[in-house]
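Chain by chain, the residues:
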Amino acid sequence: MNVNFSPGPSQLYFTVEDHTRQAFKLGVPSMSHRSSAFEGIYAQTQENLRALLSIPSSHHIFFASSATEIWERLIQNLVEEKSAHFVNGAFSEKFYKAAVQLNKNAQIIKTSDGDGFNTPEEVDAEVIGVTHNETSTGVSLPKSFIYGLKEKNPKSLLCVDAVSSLPYVDFDYPKVDSVYFSVQKGFGMPPGLGVWIVNDACIAKAEKKLKNGKSIGTHHALPNYLKNGLKYQTPETPNSVGIYVLGKVTEDMLRRGITIIRKETEYKAAILYNELHNHPYLSPFVKNPEYQSPTVIIADSGTRTSALSDFLSQNGIEAGEGYGLHKGHQLRFANFPAHSKEQFELLVDYLKSFN
Ligand SMILES: *Cc1c(COP(=O)(O)O)cnc(C)c1O
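These numbers were taken from a predicted model, which means no experiment stands behind them.

## Things to note about helix 7 (residues 222–229)
Three- or four-residue spacings in an α-helix give side chains the same orientation, since the helix completes a turn every 3.6 residues. When helix 7 is considered as a whole, its buried residues turn out to be Leu222, Tyr225, Leu226, Asn228 and Gly229. Turning to helix 7, the residues buried within the fold contact helix 2 (36–53), strand 2 (59–64), helix 3 (67–78), strand 10 (194–199) and helix 6 (200–211).

So this is what it looks like as C-alpha cells:
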C-alpha cells in the first residue's frame, strides 16, 4: 500500500494494527465502560498522554468523538455571549461558524490564507479560538503569539486547536486554558476519537454558566466530564478501542522518545522545504519562514499538480490534495511521527527527479 502523506486521515502509526488486534484479544470492544478493566485503560492512556506531552496536573484530559465535536462543546460550556476567533484558513473558520450557529456574538479576526497574525491584540470575548497549525494552509503560528493572546487577554479563556501539530508541539500548558486534537493526524490512528485538555478555569466557567441558568449542553458538559473522569470513566459509552490504542501508541512514542520524534520532524521538514525552495516548478505556499509549518507542508504545484500527484502515486507516495479552493494547484505533505526519515528522503528524491 502507498504511504499516505495526506494530513488526515493520515498514515497509520506502524504499531496501530497490532495494538488493535490485541484490543480484540483482550475483549476491549465489548468491555463495560463501568468496569475496573476499562478504568485501568482510561487511567493508562491519560498517564501516557501526560508524560508524552508534559501536561501538568492543573489540566484535565477528556475524550470526545472529534475536534469538530470539541468546537461545539467549547462554545456550549464556556461562552454565554461572546467569542473571538483568529481565522487564517478553513479549520479556524469552521470553529467561528460553529459559534455563529450556536447564536453567539462571535468576532472574527481574519488574515489571508498562507499568512499569520502580526501581534496579539486585545479582544472582548469569553473565549479566544486560535488554530496553532492551520491544516488547510500549512501555517503554524508561533507559540509566542499564542501565549501573547493570553497576556493581552487574561480574562478570556484561550482555546488552542492543535489537531495537526501534536505530538510535535511542546506547549507550556499553564499559559493556555484548553488544547484539543483528534487522533487521525499526528497520532497516526483511525478517526473517531478527540482529546480535550482543559484547566480548572474552564470547569469553573461552565459551572458559573450553569448557575446563571444557562444551558451548557448534556453529556459532554464539563462538570459531568469531571465527575466521571475522576473515576476514570466517561459520561457515555466511549470509543474504548480508540482510547486503548491511543494509550499503546503514546507508550510506543514514549519508548522512542519525544525529543527524537521532534528532532526527526524538524529534519524531515528541513529537507522537504529545502527541495521546494530549490525546485524548478515547485515552491512552498507559505513564504514567511516564521509561519512555515513543520508538520503540514504545502507545495504550490500549479498546472503540474495532477501530473506530479500521479507520478508520486506510481512510486508509492500518496500526496494530500490542496484544501478547498487550493485543490488542483497545491499538494499537501503531512510530516507526522508515522512518516519515517527514509520515506521523506525518498519523497525528496522523487520530487528532484520529477520534470
Ligand atoms: C482535521 C482538523 C480538525 C477537525 O478534526 P475532526 O477529527 O474531523 O473533527 C480541526 N482542526 C484542524 C486544524 C484539523 O486539521
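Additional details are given in the paragraphs that follow.
## Observations concerning empty space enclosed by the protein
Empty space left among the atoms is revealed by rolling a probe the size of a water molecule over them. A complete count under the given rule lists 1 cavity of 30 Å³ or more for this structure. There is about 40 Å³ of room inside the largest cavity. A breakdown of the residues in the lining of the largest cavity according to their chemical character gives 6 nonpolar, 4 polar and no charged.

## Quick word on the nonpolar core
In terms of nonpolar packing, the biggest core is built from 91 residues, with Phe181 and Leu222 touching the most fellow members. The element best represented in this core is helix 8 (residues 240–256), accounting for 7 residues. Not counting residues within four places of it along the chain, the set of residues in contact with Phe181 comprises Leu49, Leu53, Ile70, Ala162, Val163, Leu166, Phe187, Leu193, Gly194, Val195 and Ile197. Of all hydrophobic cores here, the second largest spans 21 residues; its members include Phe5, Ile297, Ala299 and Leu331.

## Re the state of the cysteines
Cysteine pairs can be linked by a disulfide, which is a covalent bond between their two sulfur atoms. Taken as a whole and assessed by the stated rule, the structure comprises 0 disulfides. With no disulfide of its own, Cys202 has Cys159 as its nearest cysteine by sulfur position, at a separation of 5.4 Å. A relative accessible area of 0% means that Cys202 is categorised as buried.

## Considering the site of the ligand
Near the ligand you find 13 residues, and of these Thr68, Thr135, Asp161, Ser182 and Lys185 are the closest. One nitrogen or oxygen atom from the side chain of Gln184 is found 2.8 Å from an oxygen atom belonging to the ligand. Protein contact buries 88% of the 390 Å² of open area that the ligand shows by itself. For the shell around the ligand, the element with the most residues is helix 3, which contributes 3 residues. Partitioned by chemical class, the residues of the shell around the ligand number 4 nonpolar, 7 polar and 2 charged.

## Side note on the sheet that holds strand 14 (residues 320–321)
Strand order across the open sheet formed by 4 strands is 11-12-15-14, with antiparallel pairing between neighbours. Every interior strand has two partners, whereas the edge strands, strand 11 (283–284) and strand 14, have only one. Note: strand 14 against strand 15 (residues 330–334), 2 bridges, orientation antiparallel. Pairing of Gly320 across the sheet is with Arg332, part of strand 15.

## Some remarks on the sheet that holds strand 10
What holds strands together in a sheet is hydrogen bonding between their backbones, with the strands either parallel or antiparallel. With respect to topology, 7 strands assemble into an open sheet ordered 2-10-9-8-5-3-4, the strand pairing being mixed. Strands with a single pairing partner mark the edges of an open sheet, and in this sheet they are strand 2 and strand 4 (105–110). When strand polarity is set aside, the average angle formed by the axes of neighbouring strands in this sheet is 20°. Note: strand 8 (residues 157–161) against strand 9 (residues 178–182), 3 bridges, orientation parallel. Residue Asp161 lies in a different strand from strand 9, and its bridge partner there is Tyr180. Of the strands in this sheet, strand 3 (82–87), strand 5 (127–131) and strand 8 touch helix 5 (residues 143–152), which is tilted by about 160° from strand 8. Each of strand 2 and strand 10 is contacted by helix 7, which is oriented at about 100° to strand 2, the strand it contacts most.

## As for the packing of aromatic side chains
Per the counting criterion, the structure on display carries 17 aromatic pairs. Their ring planes at 85° and their centres at 6.0 Å tell us that Phe171 and Tyr173 sit as a pair that is edge-to-face. When sorted by exposure, Phe171 lands in the same class as Tyr173, which is buried. Among the aromatic residues, those joined into a cluster by ring pairs are Phe38, Tyr42, Phe63 and Tyr232.

## Considering the side chain of Gln330
One can find Gln330 in strand 15. Polar contacts involving the side chain of Gln330 include one to the side chain of Asp300, which spans 3.3 Å. Setting aside residues no more than four positions away along its own chain, Gln330 makes contact with Phe285, Ile298, Ala299, Asp300, Ser301, Thr305, Glu321 and Gly322.

## Focus: the packing of helix 10 (residues 305–314) against helix 11 (residues 341–353)
Direction vectors running N to C along helix 10 and helix 11 enclose 130°, while the axes themselves pass 11 Å from each other. Classified by the interaxial angle, the pair formed by helix 10 and helix 11 is oblique. Like other packed secondary-structure pairs, helix 10 and helix 11 cross with a definite hand, here right-handed. Counting all contacts with helix 10, which are made through Leu308, Phe311 and Leu312, the residues of helix 11 involved are Leu347, Tyr350, Leu351 and Ser353. By residue class, the composition of the contact of helix 10 with helix 11 is 6 nonpolar, 1 polar and no charged.

Parameters at a glance
- Here the residue numbers are simple positions, counted from 1 along each chain's written sequence.
- Since the coordinates come from a predicted model, pLDDT governs what is reported: local features require at least 70, and pairs of side-chain atoms require 80 or more to be given and counted, while whole-chain, interface and lining totals use all residues.
- For the side-chain quantities, the full set of heavy atoms in the structure was used; hydrogens and water were omitted.
- Each residue gets one of three labels from its accessible area relative to the maximum for its type: buried under 20%, exposed over 50%, partly exposed in between, using a 1.4 Å probe on protein chains only.
- Helix and strand assignments follow DSSP, with helices taken as H or I runs no shorter than four residues and strands as E runs no shorter than two, numbered in order from the N terminus.
- The criterion used for residue contact is that any of the two residues' heavy atoms lie within 4.5 Å.
- Using only the protein atoms, space was sampled on a 1 Å grid; points where a 1.4 Å probe fits but cannot get out form cavities, open sets with protein on both sides within 12 Å along at least five of seven lines form pockets, and lining residues are those with an atom within 4 Å of a point.
- Grid points are joined across faces, edges and corners, and a volume is the space filled by probe spheres set on the points.
- Charged residues are taken to be Asp, Glu, Lys and Arg, nonpolar residues to be Ala, Val, Leu, Ile, Met, Phe, Trp, Tyr, Cys and Pro, and polar residues to be all remaining types, Gly included.
- What we call a nonpolar core is a set of buried Ala, Val, Leu, Ile, Met, Phe, Trp, Tyr and Cys residues that are connected through their side-chain atoms within 4.5 Å.
- Any two cysteine sulfur atoms lying within 2.5 Å of each other are counted as a disulfide.
- By convention in these notes, a residue is near a molecule or strand provided one of its non-hydrogen atoms lies within 4 Å of it.
- The term polar contact refers here to a pair of N or O atoms within 3.5 Å; inside protein, the definition further demands a hydrogen-donor-capable atom paired with an acceptor-capable atom, and it admits residues adjacent in sequence only when both atoms are side-chain atoms.
- Each accessible area is a Shrake-Rupley result for a 1.4 Å probe, and residues are judged covered by the shown protein chains and nothing else.
- Any two strands are treated as partners once DSSP identifies two or more bridges connecting them.
- Axis lines are fitted to C-alpha atoms, over the contacting stretch for helices. Their N-to-C directions set the angle, which ranges from 0 to 180 degrees.
- The criterion for an aromatic pair is that two Phe, Tyr or Trp rings (for Trp, the six-membered ring) have centres within 6.5 Å, with stacked assigned to planes under 30 degrees apart, edge-to-face to planes over 60 apart and tilted to the rest.
- Under this scheme an angle from 65 to 115 degrees is roughly perpendicular, one under 35 degrees roughly parallel, and one over 145 degrees roughly antiparallel; angles in between are oblique.
- Each crossing gets its handedness from the near helix: less than a right angle anticlockwise from the far helix is left-handed, clockwise is right-handed.

As far as function goes, none of this settles anything; it's purely spatial.
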